[in-house]
Amino acid sequence: DIQMTQSPSSLSASVGDRVTITCRASQGIGNFLAWYQQKPGKAPQLLIYGASTLQSGIASRFSGSGSGTDFTLTISSLQPDDVATYYCQKYNSAPFTFGQGTRLEIK
Amino acid sequence: EVQLVESGGGLVQPGGSLRLSCVASGFTVSSNYMSWVRQAPGKGLEWVSVLHSGGSTYYADSVKGRFTISRHISKNTIYLQMDSLTTDDTAVYYCARIRGYTTSLNYVDCWGLGTLVIVSS
C-alpha cells in the first residue's frame, strides 16, 4: 500500500507568515490528493482537491501544488483562525490513506 | 442542506460488537460513494471503509474481516457493523460523503460530526 508522509509534524508561525506543509507519497498518485483542515474538537473540512483546486468557500490564502509523489499546502498569510491540524489524503485508489497530520500553532 | 448524522457509539467490551448508523439528508446515499473514517483519541485520521454506489466495498487492513459497511436505501442511511472489537478500535467514527464516482472526484466533501466508540473492559 502507498504511504503518505507529512512534514513537519508540527509547526509554530507568526500571524502574517507564509506557511508550507509538505506531503509525500511512497508511490506516484497523479494529482489525486486532497488537503483537510481539522480544528480542535471539530470534524475535518475539505480545503483542496485535485492537489491544487480550492474548495468553494475556502479562503484564497490557501493553495496547493504538486503531482506524482510530492505535494505542498501553502498558507500565504497565516491568520489566527488557521490554528488547526492539516491532513493530506490520497484518493487514486483504496486504501484512501491519510498523512499523519501537521499541527499548526500561532507563535 | 447536505448533512450527515452519526449515532450508535458507546462503551463496549473487548470482543464485543457495535453497529454505527449515519443518516444522510440533502442527498441520497444510493447515488453516492460513502465512507467511514476514524480518529483515535489524540491521533490522526484513519480511513476505514468505502461503499460504492454499485455496492462494492473496500476496507482498511486493520478492520478487514471484522467490520462491514452497508446501507438501507429507503432510510437513506449507511451502517458500520463492527465485530470482534479491540481497544485499538477506540475512536471517533466519522461518516463521510465522497464527492463523485470518477477517480478525480473520490475525495470527501462532507463529514458528519462523529460518534465516539470506546472499547474497554
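Above this note sits the structure.
Topic: the pairing of strand S9 (residues 84-90) of chain A
Residue and element names in this part refer to chain A.
Moving on, step 1. Among the seven residues in S9, seven count as buried, and that is most of the element.
Moving on, step 2. Side chains of S9 alternate between two faces, with Ala84, Tyr86, Cys88 and Lys90 and Thr85, Tyr87 and Gln89 buried alike.
Moving on, step 3. Judged from the six bridges that link them, strand S4 (residues 33-38) and S9 form a sheet pairing that is antiparallel. Opposite Gln37, over in S9, you have Tyr86 as the bridge partner.

So, the side chain of Thr77 of chain B
All names here are of chain B.
Moving on, step 1. The topology assignment puts Thr77 in strand S8 (residues 77-82).
Moving on, step 2. Note on Thr77: relative accessible area 4%, which makes it buried.
Moving on, step 3. A polar atom in the side chain of Thr77 sits 2.8 Å from the backbone oxygen of Lys75.

Observations regarding the state of the cysteines
Residues and elements named next belong to chain B.
Moving on, step 1. Applying the stated criterion to the full structure yields two disulfides over all chains.
Moving on, step 2. A sulfur-sulfur distance of 2.0 Å marks the disulfide that ties Cys22 to Cys95. The sign of the S-S torsion, about -75°, decides the handedness of the disulfide formed by Cys22 and Cys95: left-handed. Here the residue Cys22 occupies a position in strand S3 (residues 18-25), and Cys95 occupies one in strand S9 (residues 91-98), the gap between them amounting to 73 residues.

Brief notes about the interface of chain B and chain A
Moving on, step 1. In this complex, chain B contributes 19 residues to the contact, which on the side of chain A involves 20 residues.
Moving on, step 2. On the chain B side of the interface with chain A, the three residues burying the most area are Leu45, Trp47 and Tyr107 of chain B, jointly 38% of the side's total.
Moving on, step 3. Our count for the chain B to chain A interface comes out at zero salt bridges.
Moving on, step 4. Across the contact surface, chain B and chain A share four residue pairs in polar contact (both at pLDDT 80 or more).

Procedures and definitions
Residues numbered from 1 in each chain as written. Chains lettered and ligands numbered in written order. Predicted model: local features only at pLDDT ≥ 70, side-chain atom pairs only at ≥ 80, totals over all residues. Heavy atoms only, no water. Buried < 20%, exposed > 50% of the residue type's maximum accessible area, 1.4 Å probe, protein only. Helix = DSSP H or I, 4+ residues; strand = E, 2+ residues; numbered from the N terminus. Pairing = 2+ DSSP bridges. Polar contact = N/O pair within 3.5 Å; in protein donor to acceptor, adjacent residues only side chain to side chain. Disulfide = S-S within 2.5 Å. Contact = heavy atoms within 4.5 Å. Buried area = accessible area lost by both parts, 1.4 Å probe. Salt bridge = Lys/Arg side-chain N within 4 Å of Asp/Glu carboxyl O.

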